[in-house]
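Observations on the model geometry
Here is what each chain is made of, one letter per residue.
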Amino acid sequence: MSSWWLTEDSPPEFAAVEVAEPDVEIVGAGITGISAALTLAAAGKRVRVHDARGVAEGASGRNGGFALRGGAMPYDRAREWLGAERAAEYWRLTEQALDRLAGFAGDALRRTGSLRLAADDEERVEIRAEFEALGEDGFEAEWRTHLVRGRFPAAIFHPDDAAVQPARLVRRLALHAAEAGVGIVERHRVESIEELDAEHVLVATDGYPSGLLGTLEGLIIPTRGQMLATEPIGELLFECPHYGRHGFDYWQQTPDGRILAGGFRDFALDSEFTADEVTTAPIQAVLESFVADLVGRPVEIACRSRLGRRRLLGPRQRARLPVRRPRRAGDARRRASAARHVRPAAAPAARGGGVLDQLRTLRCFTIPKLPPPHRAVTR
Ligand SMILES: Cc1cc2nc3c(=O)[nH]c(=O)nc-3n(C[C@H](O)[C@H](O)[C@H](O)COP(=O)(O)OP(=O)(O)OC[C@H]3O[C@@H](n4cnc5c(N)ncnc54)[C@H](O)[C@@H]3O)c2cc1C
């Protein structure tokens, strides 16, 4: 199944770069693999990247398109965990990474800011604590109230966050990498580390079962996220990426007026621990009804989108689906905790349970090539 982002942007032609005797080979041409390739090439290393599909055709070209500063947990919690100094250093590092990304991205990234919404009063209290901690440590943030026709009581506006066209962004990074001498081999599935020439191999395959991780295979549990794209709705309702209910639900509006929305995996958690790239009816239905609610009327789902290519369901069809919406943030947290119980590695973070837990579950392993049987695997 393809993604609207991938079909909206045509893939660039990479100049064929022959890399003789690479120092490093990277498996996976998503944002992790391609960013690593760029960084290694800038440090003078000879690099070759392989992908079973094309550049950005994994999660990197199928996501919400949010580029946010910060870590998976709220800033106030990070301060408790790391101490104020290290938490602030961490957050500044992510701000710098965003600036660096913007330098490469061109029109694939818009510095719109983002809105971290509270879905109810309980969540409002939580994000208020984060807002105050950010302010105390000198981070820019604004407090907003009464959003989306009063549906959300409050939000933190993060002014330097960005909306991205993720497929275009990663393809553009790959063009920079190719210009820096990185060899990019698309449509080549690496079956075993032994088939590669380099002394160092970086496996950057995210949640996809790559078969390359030896004893670590199985520790990474793929977790599906579903999104849909609407046809242009004819008015600009959302100027920046929005996310709420602990990050479970998220959406942005593209410059041509489409709404791209995702989340609600907590409605059917048991079926979502899978690498299968298909949409499921219960989550699709709740997403469609959520988007109609946000816009204030039914909206046409984009036919071109294969992220969520489905007919708009009528109210009766929706009513027949076994879907329940948690009304309170506490419910969402209980579901998150149930998820933790079912599959520890896939537990959503308190902030960004929907969007940012993907970053937490993302694992990137460097595997020094040692002669068997002494192969060591380090993280
Ligand atoms: C619905 C959804 C919404 C999301 N929203 C956001 C968001 O708004 N903001 C955000 O920051 N993050 C978001 N994420 C998370 C983000 O997309 C991922 O964390 C990120 O793209 C992971 O990048 P990656 O390069 O590690 O992996 P991927 O982009 O998945 O790349 C891994 C690549 O490895 C390749 N591969 C696997 N096995 C092999 C093999 N054996 N040989 C060769 N190639 C192989 C695959 O083909 C794939 O292209 C979202 C994710 C989803 C699913």
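What counts, and where the lines are drawn
Residues numbered from 1 in each chain as written. Predicted model: local features only at pLDDT ≥ 70, side-chain atom pairs only at ≥ 80, totals over all residues. Helix = DSSP H or I, 4+ residues; strand = E, 2+ residues; numbered from the N terminus. Buried ≥ 20, exposed ≤ 12 C-beta atoms within 10 Å, placed from the backbone. pLDDT = per-residue confidence, 0-100. Contact = placed C-beta atoms within 7 Å. Core = buried A, V, L, I, M, F, W, Y, C linked by C-beta atoms within 7 Å. Domains from an automatic or database assignment. Pairing = 2+ DSSP bridges. Axes fitted to C-alpha atoms, helices over the stretch in contact; angles between N-to-C directions.

**Focus: the environment of Glu 13**
Along the chain, Glu 13 turns up in the loop between helix 1 (4-8) and strand 1 (24-27). On a C-alpha basis, the gap between Glu 13 and Arg 171 in space is 9.7 Å, while along the polypeptide they are 158 residues apart.

**As for unusual backbone geometry**
Even without being glycine, Ala 56 reaches a positive phi, approximately 70°. Following the sequence through the fold, Ala 56 ends up in the loop between strand 2 (47-50) and strand 3 (66-67). Of note, the phi angle at His 146 is positive, near 55°, even though the residue is not glycine. Inspection of the secondary structure assignment puts His 146 in strand 6 (residues 142-147). A residue is classified by how many C-beta atoms lie within 10 Å of it, and His 146, with 11 of them, is exposed.

**Looking at the confidence of the model for the protein**
The predicted structure's coordinates, where accompanied by low pLDDT, should not be read in detail. Looking at the protein, pLDDT values average 81 and 79% of them are 70 or higher. Taken together, the stretch residues 303-379 has pLDDT below 50 and engages in 162 contacts with residues farther than four places along the chain or on a different chain.

**Quick notes on the nonpolar core**
Within the largest apolar cluster, 86 residues are counted, with the highest numbers of intra-cluster contacts made by Ile 34, Ala 37, Ala 174 and Ala 177. Each of domain 1 (4-109 + 164-214) and domain 2 (218-375) contributes no fewer than three residues to this core.

**With respect to the sheet that holds strand 8 (residues 162-164)**
Within the open sheet, the 3 strands sit side by side as 3-8-4. Their pairing is antiparallel. Of all strands in the sheet, those bounded by a partner on one side alone are strand 3 and strand 4 (109-110). As paired strands, strand 4 and strand 8 are joined by 2 bridges and run antiparallel to one another. When the sheet's bridge partners are listed, Leu 109 is paired in strand 8 with Val 164.

**Considerations on the sheet that holds strand 7 (residues 152-158)**
Taken in spatial order, the 7 strands of this open sheet run 6-7-5-12-13-14-11, and their pairing is mixed. In this open sheet, the two strands that pair with only one neighbour each are strand 6 and strand 11 (227-229). Mean inter-strand twist for the sheet, computed between neighbouring axes without regard to direction, equals 20°. Here strand 5 (residues 114-118) runs beside strand 12 (residues 242-244); their pairing, made up of 2 bridges, is parallel.

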